[in-house]
Amino acid sequence: MGSHISYEIYSYKSGNWVIDSIHDDKAMALHQAKLLIGSPHHIGIRVIEESYDEATDKTVSKVIFKKQKTGTRKPKPPKKEKKEAVRPAVPAASVKKPDSFTKRLVFLLLAVCGIGLVLVAVVTLLMSAMQ
Amino acid sequence: MAEERIEGVERRMVHRLLMHWRAARGDEGIPSLEAVFQQPCDGCEPFIYVLGVGDVGEEPEFERIGEFFADELPSDLTGKPVSAVPEGTLLERAVRYYGDILKKKVPMTLGGEFVHARGDTILYRSIILPLSGREGVIDHLMGAANYKVKEGDA
């Protein structure tokens, strides 16, 4: 009966921590972690120490290394910009309102003019009929 | 990538092979056997063995075994399953956890101390790396190991 310790290296990719490798040697795990965070392929690295106690059948996890590149937050703003870029599309809907109002106004004027012409025609017909 | 020095000849070999594997895969994923052997791994070859992985449940078989292991094996185990490796050998220690790599699909390193069949107490370090020629399928495992005789035991 004893305990078993392993060191799992995780890499941050596409919003998730993905397991990269497993080591039984802490020095090796930490050395790998430091190398990985120096690579352009990795934006975040963490090492988790997993201690399994056979006597209690329990596993205890502890983060012993965690590093995230400070520059990695910079690529995120483009997403915000995208959201902002979407926002003008919403006012664009409100831009349509004057268009529809103008259309309605033009339609109303045409209708009034039409009714007026009909009335004039009717009056003219009545007058000619009376004569 | 800046490379710090890592202590211990066994650690350095395992580390070197892991870096070689990472270089072969590029950004992410698992490299193929061909990709790994396209570039030579400086000084690793004698310590490397390759297992061919068949269908689920089938025992992997040796496709190549580095010359470093020749002294401790009674015969060439190329083409033989992993269960053919004699107990009390470095290769037996180095290969015994291959199932974990098939399950987790990530490289694993393991070391320890044991009494070799020859009678020496040895300190060893080993590594097993998954290889894949088709996405999601581990078709080969590449392993390596080396050791030193424990001080006072030589």
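Residues numbered from 1 in each chain as written. Chains lettered and ligands numbered in written order. Predicted model: local features only at pLDDT ≥ 70, side-chain atom pairs only at ≥ 80, totals over all residues. Heavy atoms only, no water.

Enquirer: Would you explain the overall build of chain B in this entry?
Expert: Within chain B one finds 4 helices and 5 strands. Sequence-ordered secondary structure for chain B, helices as α and strands as β, is α-α-β-β-α-α-β-β-β. Relative to its length of 154 residues, chain B is compact, with a C-alpha radius of gyration of 15 Å against a globular reference of 15 Å. Pairs at least 24 apart in sequence give 50% of the contacts found in chain B among residues at least 6 apart. Of the roughly 7,900 Å² of accessible surface on chain B, a fraction of 46% belongs to carbon and sulfur atoms. Separation of charge centres in chain B, based on 18 positive and 27 negative side chains, amounts to 5 Å. (Helix = DSSP H or I, 4+ residues; strand = E, 2+ residues; numbered from the N terminus. Rg over C-alpha atoms; globule rule 2.2 N^0.38 Å. Contact = heavy atoms within 4.5 Å. Areas by Shrake-Rupley, 256 points an atom, 1.4 Å probe, with all protein chains shown as cover. Lys, Arg positive; Asp, Glu negative; His and termini not counted. Charge placed at Lys NZ, Arg CZ, Asp CG, Glu CD.)

Enquirer: Please clarify how the state of the cysteines should be interpreted in this entry.
Expert: Inspection of every chain in the model, using the stated rule, returns 1 disulfide over all chains. Here Cys41(B) engages in a disulfide with Cys44(B); their sulfurs sit 2.2 Å apart. (Disulfide = S-S within 2.5 Å.)

Enquirer: Quick question: what am I supposed to make of helix α1 (residues 26–37) of chain A here?
Expert: Every α-helix winds through 3.6 residues per turn, so residues three or four apart in the chain are directed the same way. All names here are of chain A. Here α1 is 12 residues long and its end C-alpha atoms lie 17 Å apart, about the 16 Å a rise of 1.5 Å per residue gives. Counting buried positions along α1 yields 9 of 12 residues, so the element is predominantly enclosed. Those residues of α1 not exposed but buried are Met28, Ala29, Leu30, His31, Gln32, Ala33, Leu35, Leu36 and Ile37. The N-cap of α1, judged by a side-chain oxygen 3.1 Å from the amide nitrogen of Ala27 a few residues on, is Asp25. (Expected span 1.5 Å × (residues − 1). Buried < 20%, exposed > 50% of the residue type's maximum accessible area, 1.4 Å probe, protein only. Polar contact = N/O pair within 3.5 Å; in protein donor to acceptor, adjacent residues only side chain to side chain.)

Enquirer: For this particular structure, what's the right way to read the confidence of the model for chain A?
Expert: Do not read the fine detail of predicted coordinates wherever pLDDT is low. Here chain A averages 79 in pLDDT, while 76% of its residues score no lower than 70. Considering only residues more than four positions removed or in separate chains, one finds that residues 74–97 of chain A, a stretch of pLDDT under 50, has 0 contacts. (pLDDT = per-residue confidence, 0-100.)

Enquirer: I would appreciate a short explanation of the pattern of salt bridges in the present structure.
Expert: Oppositely charged side chains can form a pair if their charged atoms are brought close together. Inspection of every chain in the model, using the stated rule, returns 8 salt bridges over all chains. The partner of Glu8(A) in a salt bridge is Lys104(B), with the nearest N and O atoms 3.9 Å apart. In this pair, Glu8(A) is assigned in strand β1 (residues 3–13) and Lys104(B) in helix α4 (residues 98–104), connecting two distinct chains. The class for Glu8(A) is buried, based on a relative accessible area of 8%. Taking relative accessible area as the criterion, Lys104(B) reaches 41% and is therefore assigned partly exposed. Measuring nitrogen to oxygen at the nearest pair gives 2.8 Å for the salt bridge that ties Arg22(B) to Asp20(A). With Arg22(B) in helix α1 (residues 9–25) and Asp20(A) in strand β2 (residues 16–23), this residue pair bridges two chains. One exposure class covers both Arg22(B) and Asp20(A), and it is buried. Linked through salt bridges whose partners overlap, the residues forming this network are Asp20(A), Arg22(B) and Arg25(B). (Salt bridge = Lys/Arg side-chain N within 4 Å of Asp/Glu carboxyl O.)

Enquirer: In this structure, what is going on with a negative patch on the surface? I would like to understand it.
Expert: Residues and elements named next belong to chain B. Residues Asp55, Glu58, Glu59, Glu61 and Glu63 make up a contiguous surface patch of negative charge. Checked against the element boundaries, Glu58 lands in the loop between β1 (48–52) and β2 (61–65). The class for Glu58 is partly exposed, based on a relative accessible area of 46%. (Patch = residues over 30% accessible without salt bridge, like charges linked within 9 Å, V, L, I, M, F, W, Y side chains within 5 Å.)

Enquirer: I'm lost on the nonpolar core in this one. Help?
Expert: Nonpolar side chains tend toward joint burial in soluble globular proteins. Residue and element names in this part refer to chain B. Formed by 27 residues in total, the largest nonpolar core has its most connected members in Tyr49, Leu51, Phe62, Phe69, Leu91 and Leu141. The set of elements that each furnish at least two residues to this core consists of β1, β2, α3 (90–95), α4, β3 (108–115), β4 (121–131) and β5 (140–149). Here the element with the most residues in this core is α3; it accounts for 4 residues. Membership of the second largest hydrophobic core comes to 18 residues, among which are Phe47, Ile48, Val50 and Leu129. (Core = buried A, V, L, I, M, F, W, Y, C linked by side-chain atoms within 4.5 Å.)

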